[in-house]
Amino acid sequence: MEQEEKRAGGRLLRILVKYSGLMLVLVLMVVIVTVKNPNFIKIENVIGVLRQMSIYGVMGVGMAILIINGYFDLSVGAIAGLCGVLAAMVMNAGGNMVAAILTALAAGIAIGVFDGLVVCTTKIPAFVFTLAMTQVVRGAIYLITGGSPVTGLTKGYLAIGKDSWFGVPIPIYVMFAVMFLGWVLLNHTAMGRSIYATGGNPTAARYSGLKINRITLFSFGLCGAAAAVGGILLSSKLQSAQPTMGVSYEMDAISVAAIGGTSLAGGEGSIGGVLLGAMILGVINNGMVMMGINSYWQMVVKGTVIAGAVIIDIARKSSNGRKTKKA
């Protein structure tokens, strides 16, 4: 019994040390914003921040898993928009909510797997092909909607983004459920270990007998599924499916992963980091508004944060490489 308690205490200590930097940044940001505007820490605003971050928190899980696998998908914002539109159109066509959600998920997974298939077979850099797919998917949205929003959604569908359980908005439950599933996948399944191995050293993973292409297709499909969930939450929150829905959300998803410590070179990252990254981004978005800072500065801050995360990751890997050579 005592040994189990010691092991549990050791795991908790390692987790605290691992995320100490991110937690310190988060606390400092909360303190600074609260000093400027004490309303920031009111429970209503805290819940609002969690609701706001739920969408890019969900999409960040899929993006982080894909980045750990060694790839990017710049089309997730467009995928989210298309899936939200498809779900709304199914509802308007007389379908039930289950059919609408399954249609959106199927579309997200299909596009994600297609992206992965092309990347695997042609060796086109993922960021180049998915950037092109952004235009294709965004164009498809305008073609099927005629450039007009899809309205008239049922109360049941709108409840996903608007209602609460025990005072907590449903999107927050969805975000934590997706993060829990992502954590289980990465930490307690053979596929999760394979994703880390493939992203860390693809050549060694291939020689170890891992099915590299199959793992890549799975990661792309999962990223597409997460984007679809984000699109469902977004269309429900907006009470309509707008053709412009999901624009720039790919940057939010990448920001969440990068801020949370996911190595943009692949092979490293965690769902705990994604959660902290989403919280930090949520504080940035909400805090700057509450401090009366021009919203355009949010773009500057997000870009700076991503650049900083990349620089830190490169510096850390370079330092680790020098230590390995000395050893």
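Residues numbered from 1 in each chain as written. Predicted model: local features only at pLDDT ≥ 70, side-chain atom pairs only at ≥ 80, totals over all residues. Heavy atoms only, no water.

Quick look at the overall build of the protein
Quick note on the threshold: Strands here mean DSSP runs of E at least two residues long; helices mean DSSP runs of H or I at least four residues long; both are numbered from the N terminus. Only protein chains enter the calculation, and the probe is 1.4 Å; a residue is then buried if its accessible area is under 20% of its type maximum, exposed if over 50%, and partly exposed in between. Lys and Arg are tallied as positive, Asp and Glu as negative. Neither His nor the chain termini are counted. We put the charge of a Lys on NZ, of an Arg on CZ, of an Asp on CG and of a Glu on CD.
Regarding its fold elements, the protein presents 14 helices and 2 strands. Across the 327 residues of the protein, 45% fall into the buried class. Measuring between centres, the 24 positive side-chain charges of the protein sit 6 Å from its 11 negative side-chain charges.

Some details on the side chain of S75
What counts, and what does not: When checking whether two residues touch, look at their non-hydrogen atoms; a contact exists if any pair is within 4.5 Å.
With respect to the helices and strands, the residue S75 is situated in the loop between α3 (43-68) and α4 (76-92). In this view, S75 contacts D115, T130, M133 and T134; residues no more than four positions away in its chain are not counted.

Side note on unusual backbone geometry
Phi at K123 takes a positive value of approximately 65°, unusual for a residue other than glycine. By the element assignment, K123 lies in the loop between α5 (97-122) and α6 (126-145). Relative accessible area serves as the criterion here: at 60%, K123 is assigned to the exposed category. Its identity is not glycine, yet S248 carries a phi of approximately 75°, on the positive side. Tracing the sequence through the fold places S248 in the loop between α11 (212-238) and α12 (249-259).

Regarding the packing of α12 against helix α13 (residues 271-290)
Here is the rule we go by: Every axis in this analysis is a line fitted to C-alpha atoms, fitted for helices over the stretch in contact. Angles between the N-to-C directions lie between 0 and 180 degrees. An angle counts as roughly parallel when it lies under 35 degrees, as roughly antiparallel when it exceeds 145, as roughly perpendicular when it falls between 65 and 115, and as oblique in every other case. Should the near helix be turned anticlockwise from the far one by less than a right angle, the crossing is left-handed, and should it be turned clockwise, the crossing is right-handed. For this classification, the nonpolar set comprises Ala, Val, Leu, Ile, Met, Phe, Trp, Tyr, Cys and Pro, the charged set comprises Asp, Glu, Lys and Arg, and every other residue, Gly included, is treated as polar.
Put simply, α12 and α13 touch, their axes get as near as 7 Å, and they point 120° apart. The angle between α12 and α13 places the two elements in the oblique class. The element α12 and its partner α13 pack so that their crossing is right-handed. Within the contact between the two elements, α12 uses D252, S255, V256 and I259 and α13 uses G273, V274, G277, A278, I280 and L281. When grouped by side-chain class, the residues that make up the contact of α12 with α13 number 6 nonpolar, 3 polar and 1 charged.

Things to note about the side chain of S235
What counts, and what does not: By the criterion applied in these results, polar contacts are pairs of N or O atoms within 3.5 Å in which, for protein atoms, one can donate a hydrogen and the other can accept it, and in which residues neighboring in sequence qualify only through two side-chain atoms.
Among the structural elements, S235 can be located in helix α11. In this structure the side chain of S235 is engaged in a polar contact, spanning 2.6 Å, whose partner is the side chain of Y157. Those residues in contact with S235 that lie beyond four places of it in its chain are G84, L153, Y157, S240, A241 and M245.

Remarks on the packing of α5 against α6
Direction vectors running N to C along α5 and α6 enclose 140°, while the axes themselves pass 10 Å from each other. Between α5 and α6, the angle falls in the class oblique. Considering the relative orientation of α5 and α6, their crossing is right-handed. Counted together, I111, F114, D115, V118 and V119 of α5 and A126, F129, T130, M133 and V137 of α6 form the full contact between these two elements. Tallied by class, residues from the contact of α5 with α6 come to 8 nonpolar, 1 polar and 1 charged.

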